[in-house]
Structure formats: structure tokens, C-alpha cells
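Survey of secondary and tertiary structure
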Amino acid sequence: MDLLEGLNPAQREAVLHPSGPLLVLAGAGSGKTLVLTRRVAYLVKERGVPPSSILAITFTNKAAGEMKERIRPILSGADGLWIGTFHSIGLRILRMESNALGLKRDFSIYDERERLSLIRECMRREGIEDELITPERVASYIEAMKNDAIAPEDVEPSGHLEERLLSLYRVYEDALRKNSAVDFGNLILLPLRLFRENPAILSRYRELFQHVLVDEFQDTNLAQYQLIRLLLNGERNLWVVGDDDQSIYGWRGARVRNILDLERDFPDLRVIRLEENYRSTGTILGAANSVIRNNTMRRGKTLWTRQGEGEKVTLAILESEEEEANWVGRTILDLSKERDLGEFAIFYRTNAQSRVLEEALLRSGIPYEILGGTRFYERAEIKDIIAYLRVILNPEDSQSLLRVINQPPRGIGRRTIELTRAIAERDSLSLFDAILKGMEEGVFRGRGEGVRLFVGQISQLQGLLCLPPFDFLERLLHVTGLLAMWEDKGEEGRVENIKEFLSAAKEFEEDNPGSDIRDFLDHLSLVSDIDSYDQGRGKVALMTIHSAKGLEFPVVFMTGMEEGLFPHGKAVAEGDVEEERRLCYVGMTRAKERLFLSAARRRRIFGKIMEQRPSRFLDEVDRHYLRLYRVDAGPEGGSFGPVDDRAFSTGDLVEHPAFGRGKVLGMKGRDVLIVSFHGAGLKKLKVPPAPLKKVG
DNA sequence: AGTAGACTTTTTTTT
DNA sequence: AAAGTCTACT
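Here we summarise the structure given alongside this text. (Residues numbered from 1 in each chain as written. Chains lettered and ligands numbered in written order. Predicted model: local features only at pLDDT ≥ 70, side-chain atom pairs only at ≥ 80, totals over all residues. Heavy atoms only, no water.)

**Structural notes on the overall build of chain A**
- From N to C terminus, chain A includes 27 helices and 24 strands.
- Its C-alpha atoms put chain A at 95 × 60 × 55 Å along the principal axes.
- The buried share of chain A, taken over its 696 residues, is 55%.
- A separation threshold of at least 6 residues defines the contact pool for chain A, and within that pool the share at least 24 residues apart is 73%.
- Accessible surface, chain A as shown: approximately 31,100 Å² in total, 49% of it carbon and sulfur.
- Counting 99 positive and 107 negative side-chain charges, chain A places the averaged centre of each group 3 Å from the other. (Helix = DSSP H or I, 4+ residues; strand = E, 2+ residues; numbered from the N terminus. Buried < 20%, exposed > 50% of the residue type's maximum accessible area, 1.4 Å probe, protein only. Contact = heavy atoms within 4.5 Å. Areas by Shrake-Rupley, 256 points an atom, 1.4 Å probe, with all protein chains shown as cover. Lys, Arg positive; Asp, Glu negative; His and termini not counted. Charge placed at Lys NZ, Arg CZ, Asp CG, Glu CD.)

**Overview of helix 18 (residues 431–441)**
- Here helix 18 has its buried residues at Leu431, Phe432, Ala434, Ile435 and Gly438. What you see down the axis of helix 18 is that its buried residues fit within an arc of 160°, all on one side.
- Phi turns positive one or two residues past the end of helix 18, at Gly442, with a value near 70°. (Arc of directions from axis to C-beta.)

**Re the nonpolar core**
- If you look at the biggest cluster of nonpolar residues, it comprises 57 residues, and the most contacted ones within it are Phe195, Val214, Leu238 and Leu262.
- Split by domain, the residues of this core number at least three in each of domain 1 (9–95 + 189–276) and domain 2 (112–179).
- Every residue in contact with Phe195, bar those within four places of it in the chain, is listed here: Ile93, Ile201, Leu202, Tyr205, Leu227, Leu230 and Leu231.
- By size, the runner-up hydrophobic cluster in this structure holds 48 residues, among which are Ile385, Ile386, Leu431 and Phe520. (Core = buried A, V, L, I, M, F, W, Y, C linked by side-chain atoms within 4.5 Å. Domains from an automatic or database assignment.)

**Remarks on the packing of helix 4 (residues 86–101) against helix 8 (residues 184–197)**
- Between helix 4 and helix 8, whose axes approach to 8 Å, the crossing angle comes to 50°. The angle between helix 4 and helix 8 falls in the class oblique. For helix 4 against helix 8, the interelement crossing comes out left-handed. Residues Phe86, His87, Gly90, Leu91, Ile93, Leu94, Glu97, Ala100 and Leu101 of helix 4 touch helix 8, and the partners they reach there are Phe184, Asn186, Leu187, Ile188, Leu190, Pro191, Leu194 and Phe195.
- The class makeup of the residues in the contact of helix 4 with helix 8 is 13 nonpolar, three polar and one charged. (Axes fitted to C-alpha atoms, helices over the stretch in contact; angles between N-to-C directions. Parallel < 35°, antiparallel > 145°, perpendicular 65-115°, else oblique. Left-handed = near helix turned anticlockwise from the far one by under 90°. Nonpolar A, V, L, I, M, F, W, Y, C, P; charged D, E, K, R; others polar.)

**Quick look at the packing of aromatic side chains**
- For the structure shown, the criterion picks out 17 aromatic pairs.
- Taking 6.0 Å as the distance between ring centres and 75° as the angle between the ring planes, the aromatic pair formed by Phe217 and Tyr225 counts as edge-to-face.
- Phe217 gets classed as buried once you look at its relative accessible area, which sits at 1%.
- Ring geometry for Phe508 versus Phe520: centroids 5.3 Å apart, planes at 50°, classification tilted. Taken together, the residues span a long stretch of sequence, with Phe508 in helix 22 (residues 492–511) and Phe520 in helix 23 (residues 517–526) at a distance of 12 residues.
- Owing to a relative accessible area of 9%, Phe508 belongs among the buried residues under this scheme.
- Since its relative accessible area comes to 1%, Phe520 is described here as buried.
- Through successive ring pairs, a cluster of aromatic residues spans Trp82, Phe195, Tyr205 and Phe209.
- Just above the ring of Phe59 sits the side chain of Lys549; from NZ or CZ to the centre is 4.4 Å. (Phe/Tyr/Trp six-rings, centres within 6.5 Å; stacked < 30°, edge-to-face > 60°. Lys NZ or Arg CZ within 6 Å of the ring centre and 35° of its normal.)

**Considerations on the protein's contact with DNA strand B**
- Looking at DNA strand B, there are 27 residues lining it, with His87, Arg349, Asn351, Gly413 and Lys570 nearest.
- For DNA strand B, the fraction of protein-proximal atoms (within 4 Å) that sit in sugar or phosphate groups is 47%.
- Contact between DNA strand B and Asn406: a phosphate oxygen at 3.0 Å from a side-chain N or O atom of the residue.
- Contact between DNA strand B and Ser547: a phosphate oxygen at 3.1 Å from a side-chain N or O atom of the residue.
- For the surface near DNA strand B, the secondary-structure elements that each account for two or more residues are helix 17 (414–427) and helix 24 (545–548).
- Of the residues that constitute the surface near DNA strand B, the class distribution is seven nonpolar, 12 polar and eight charged. (Near = heavy atom within 4 Å. Polar contact = N/O pair within 3.5 Å; in protein donor to acceptor, adjacent residues only side chain to side chain.)

**What about the environment of Lys592?**
- Mapped onto the fold, Lys592 is located in strand 16 (residues 591–605).
- Once the C-alpha coordinates of Lys592 and Ser98 are considered, the two residues, 494 residues apart in sequence, prove to be 46 Å apart.
- With near-sequence residues (within four places) excluded, Lys592 lies in contact with Arg279, Ser280, Thr281, Ile284, Glu552, Phe553 and Pro554.
- A distance of 3.3 Å separates the side chain of Lys592 from the side chain of Glu552, its partner in a polar contact.

**Examining the packing of helix 18 against helix 19 (residues 448–462)**
- Direction vectors running N to C along helix 18 and helix 19 enclose 125°, while the axes themselves pass 11 Å from each other. By the angle between their directions, the pair helix 18 and helix 19 is classed as oblique. The crossing of helix 18 and helix 19 is left-handed. On helix 19, the residues touching Phe432, Ile435, Leu436 and Met439 of helix 18 are Val451, Arg452, Phe454, Val455 and Ile458.
- Classifying every residue of the contact of helix 18 with helix 19 gives eight nonpolar, no polar and one charged.

**Here's the deal with the pairing of strand 2 (residues 54–57)**
- Going residue by residue along strand 2, you find Ile54 and Ala56 tucked away on one face and Leu55 and Ile57 tucked away on the opposite face as well.
- By the bridge criterion, four bridges tie strand 2 to strand 6 (residues 211–214) in an arrangement that is parallel. Each residue of the ladder has a partner; that of Ile57, found in strand 6, is Val214.
- For strand 2 and strand 3 (residues 82–84), the ladder comprises three bridges, and the chain directions are parallel. When the sheet's bridge partners are listed, Ile57 is paired in strand 3 with Gly84. (Pairing = 2+ DSSP bridges.)

**Thoughts on the sheet that holds strand 6**
- As summarised here, the arrangement of the six strands in space is 3-2-6-7-1-8, forming an open sheet in which the pairing is parallel. Of all strands in the sheet, those with a lone pairing partner are strand 3 and strand 8 (270–274), marking the two edges. Across the sheet, the mean angle from the axis of one strand to that of its neighbour is 10°, orientation sign disregarded.

**Things to note about helix 10 (residues 222–231)**
- Buried residues dominate helix 10, accounting for eight of its 10 residues.
- Restricting attention to buried positions, one finds in helix 10 the residues Leu222, Ala223, Gln224, Tyr225, Leu227, Ile228, Leu230 and Leu231.
- Capping the start of helix 10, Asn221 holds a side-chain oxygen 3.1 Å from the backbone nitrogen of Ala223, two or three residues further along.

**A word on the environment of Tyr141**
- Within the element layout of this structure, Tyr141 appears in helix 6 (residues 135–147).
- Linking Tyr141 and Tyr169, residues 28 residues apart in sequence, is a C-alpha distance of 8.3 Å.
- Not counting residues up to four positions away in its chain, the partners in contact with Tyr141 are Val155, Glu162, Leu165, Leu166 and Tyr169.
- Of the polar contacts made by the side chain of Tyr141, one reaches the side chain of Glu162; its length is 2.8 Å.

**Some details on the environment of Gly538**
- Inspection of the secondary structure puts Gly538 in the loop between helix 23 and strand 14 (540–544).
- Sequence separation between Gly538 and Val138 is 400 residues, and the spatial gap between their C-alpha atoms is 44 Å.

**Digging into the pattern of salt bridges**
- Per the counting criterion, the structure on display carries 55 salt bridges.
- Close ionic contact of Arg616 with Glu563 constitutes a salt bridge, the shortest N to O distance being 2.8 Å. Pair noted here: Arg616 is in helix 27 (residues 616–620) and Glu563 is in the loop between strand 15 (553–558) and helix 25 (569–573), with a separation of 53 residues, a long-range link.
- Asp619 serves as the salt-bridge partner of Arg623, at 3.8 Å between the closest nitrogen and oxygen. (Salt bridge = Lys/Arg side-chain N within 4 Å of Asp/Glu carboxyl O.)

The structure is reproduced here in C-alpha cells:
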């Protein structure tokens, strides 16, 4: 098979790039995944690079999985490749090098909630009860520090507040170590530290990775960028692909600046641009371009397509969120006469918006699938099982131990925990070891039965760790009595979820022959449900726009296009409108054939009904790409009309009796235009009353 | 020790 | 509006 087949000249150049640093600036739908995949295949097949010498970093596990699948037929053995997200690669390195870092090999990985409860515990211990210092505030401070690869000792605190945040950062890191646990940030930070402090290990990896490739480079944070730079050897074979217009994770520490720094850090950087879009119709692309054009902080590029114009983008303003949801349902029903339901996607800004849409689809009998949101693995019954797994593998993990020590009830209450904590403090032991010690000393007296039972179950299960994941979980549920507990309570939903969890384990087992429960647990820690989403299973997909990144659908609905919601009020308050606009651009460019934009005039927020105004992004879409859906025949009907021609939008050519001809550069709010007149220069005009006319 | 009811917080986005 | 957390009662 020809690796260059079907590629345009720029794409070929990117695949064939000889050596040294390369940046591929790839617009939405310009075939970047294809190019990245072919590049990896080309390196192995034509240049004879061993797969294990290639480090390819993707943005999601799903993208990694797809790439492996695509490469497998091209290469006989794709197995040696280092391919995955930054976090999964970091984890792989940490598991291999845990010794050098003084970590237990079976350390736990804490998610959001566990991190927060550990922070709460730290604050309790430090006796901090300050309105200004909430656990969430501490968590986001620590996360921001880690995103920028800043250790506590690197900081010169700016004031009293930061001093306290900083000391909590220290205490928290210490607590993590005591639990033999790491958080997400540490999956990047600890490898970075390892390489910095351990030249021998670093040079081993530098020698190993002959080629480093990074996808979605605009969304890497500083720590990730430093890790990448550190790993490059003298050949400096760094191959990255990204799009500054699609940077939507600034709040997570992502720095578009990494793309700019690249030119500073690598003066011989070669840049290739991919501007031909193979995904969307000309209309969809034009509409998306007209929105992103309003951003000032961008490299500037304009995507083009050979696909036909296609149908207009539909804009609908409905009275309420329920009507909006019903309208989406009706429209899908209507279009589904000619299309499979798997071709539809509904996007929203916040997960909370999914409920109304879900109800409407349910009523219309349209099968759907919600991606993200309250994730399956975050349900209490599933988290209990996961906590058991962690304690079994890593008894030092006191957070997980506390979660399950009395689940199902074993008569272990506050008093027993207090006794255990006291011993743990006294002898600096983990809670688990403190229990063992307490049993020896007989401090539990009448309460001893419960802890004896718990410890017995844990050690019994520790003997079964070599079982395949599914069998192990079955034994765990049996030994602990977890499943029986839910069955006795008549909690059918939870029982169903546990069964679904078991089948997920089975599936994992089949996909990863020879794996054990450790591998399954690692998988659970890093995987999100977008990763296991199979497109085109006859269901409408519902997700946030963030989750939609990297996906494409023939028909896309973007709902809740309202001020305060999208752009989100908090983003506006923090001056991040440009990132919201990029998010809007990302959403619009997911659509291949049809795009629907909608807003509601009234919406329930926090249980309160709010009057909403249409999003400024709707004003920014060039009018000639739009048609308006009008509700004029009651809830069941409506008609399409052209968008009011008198309305102005960015890019329009205009004429003024006094200033002459000019071009609309931008808008401020609903009715203030910024116009550049050929004769009179830049003017701000309010329309109406300004006597401005459109030309052409 | 366990539970019911009051009270609080949540909604920005996620590896 | 709903889920999670806390408190007081049994």
C-alpha cells in the first residue's frame, strides 16, 4: 500500500519530512490524524525505525486506540509503539521506574474526588477553617502549579494567602506519598522530576525515543511541553501537529503559546500548513470562519473546501429550553427518514443541559447516548469496587480504605476509626497497618470482629491477584458481599451497573489478553467514556463541545447559544471570550453536511427561570450562510425564512451618506458597528439610528 | 451505629 | 432541581 496515496502536496511533505523539528499547522478537518498516522507508518516502513523507538502522544485514549488500529494493518507489529495520552505515557513510565522515585509499584491514582477529600483531610489536620481557603480553591491552586511544573520550593509566596496555599500544597504532596498515591498532575510531573534528577535514566529514554510526535499541540500545558523537550535527543526529531484556533483547554493550563515558543526554542523549525478542509460544506466552513475571524489572538488562516456549498446553516430561537429540545427532536425525526440516527450529534456548553434534551428524545422515542457527564465510573457502587481494588493492591491507600471499610456494614464506626487513626498517628503507620497493630494490642475489644473481617477479606483477595480481571471481580463481589448488599436493599439500578462493570472487565480481558486486575485498574483511571464511544450505532450522540473535539458528524445541533451560557458567564467575567469563541468554532467545524444553531429565550438555571439573550456568536455568523427557523404555527409547526437582510454582520460592505463606503470590521453588542470607511477611517456607529445601508 | 430529614452546594469545560 | 453533606434523633 502506498503511504502517500490520496494525500495533497502539503500532507505529503508532512509525512516525508526528513528530520529535525516540524510544526504542522492543521486546520479543522484538514486530515491531521491521517497525516500523523501515515507519518508513523512511514517512519517504520520506509525509514526502518523500530516501532518501540517512536513516541506518539494523542489527546484522548480513543485517538490512540484508533491510531493503533489504523497502523496495525500497515505494519505487522504495531505493539511496540509508545502511543497514548500524556497521562497514560506518564503512568507507563512511572510504573516502570517507580523504584527510582521511591514509589510503591502498585501506587494508586487519585481522581478529582479523592484528591478533594485528601485535601479536606489535610486542611482538617492543619486546622484551617478559612472562608477564603476552600478545598476547591486549594485544589485548583495545586493543579495550576502542577500544570506549570512548579514545585512548592520553587515559589516565592506573594502574600499571606499564597503562603497558606503553598503550605497546603506541601502537606498534600506529603499526604499523597503517605498513601502511596499520585494525582493526575503527578503523572506528568513525576516523570519530569525523574528525568531532571536522574541523568542516567533520562539518557536511556532519550536514546530510546528516536521520534517524538504530538497531536493537538495547542492544548499541551507547560509541564507537558517541558517533558517533551527533555526527551528530545541530538536528532531533535519533534513532529507536532496543532491548530491555534482550536485551543480550548486554557483553563486546564494549556498554552497556545507553546506553538509560538516552538519557533523560539527551535530556530530551524519547519512549518507546514494544512488549510484544505475535507470535512464540511462551504457554507458550514464559511459560517465557522466568520465567527473565528473575530478573535484577535490568532495566527490567522482561512480554511477552504472543494465540497459544494451545501445547505444553509439553520438558526432557531425558541421560547423555552423545553421547546428548544422538542424542536431538536422533531428536526431529527424529520431528517432521520433519510439518515441513520448515528449521523446526528447534539452539543451543549455544560453537562447540566443534557437533561432537557434527554427527556425530549425519550418522549420522541429517539435512541440516544450521552457521553461524559456523570460518568459511569463515578457512581458510588462502582467507586466502592474500585476502592476495594486499590486497598487490595495498595493497603497504604488510606483514602480508599476509609471509603470501603464499612461497606457493606461491618459495625465499624466513628469510634473504631478514631482508635485506628490514633495508632496511625502514634506510630506513623498507614491506617491498614494501624488496624493490624491495634488487633495485636487488642484495643478494639468488643469492636474487633468488624476489623478482623475486613482485614481477612483483603488478605484473602490479595492471594487471588493473578486471576484475570473478570474472575477476580466476581470473587471480590462474593467475598465482600457488596453485590448481595445491593440486592438485599432492592437497588436494582446499582446491581445492573455492577453487572455492566463486570462485562466491561470481560471486554477489557478480551481486548488485552494476559492482563490482570492491575492493568484493568490503570485502564479505569485514565479512560473516559468518550474513549469507548463507537460512532454510528444507530443512536443520536449527546455531548459537551469539549468532548466533541476530534470527532465529526454529518448533522450537528449546537444548543443553548445564549449569552451567559455560551459564552459562559464565568468565562466572560474572566475575559476568556476568545477561548469560548474557539470552542464555538470547534463545535461548528464538527459538522459535515448540516449545522443547526439554537437558543432559548427562557431557561431554568439553578432551578430559577432566567430570561436569556441570544449569543453574540450568533450575531457574528455571516448572514448569507443562515436561514432562520420561525415558530409561527404553534408547537407543531414552523417555517423557514431568510434572515433579516437589514441586519449587519462582520465583513459586510456598507455605505453612509456622510462617510461614504466602508467595511464592517466588528460589532460591539447588538447594535454598535465598527466600520472602516475608505475615506473617513474607523468609525463607531449605532444602528439604528445611523443611516447605514448595505452595498452589494 | 444507622437513618431520616434539613441544609448546602452545584454548573463551565476534563486528562 | 437534584445531589451531596451534615446533624440530630433513634
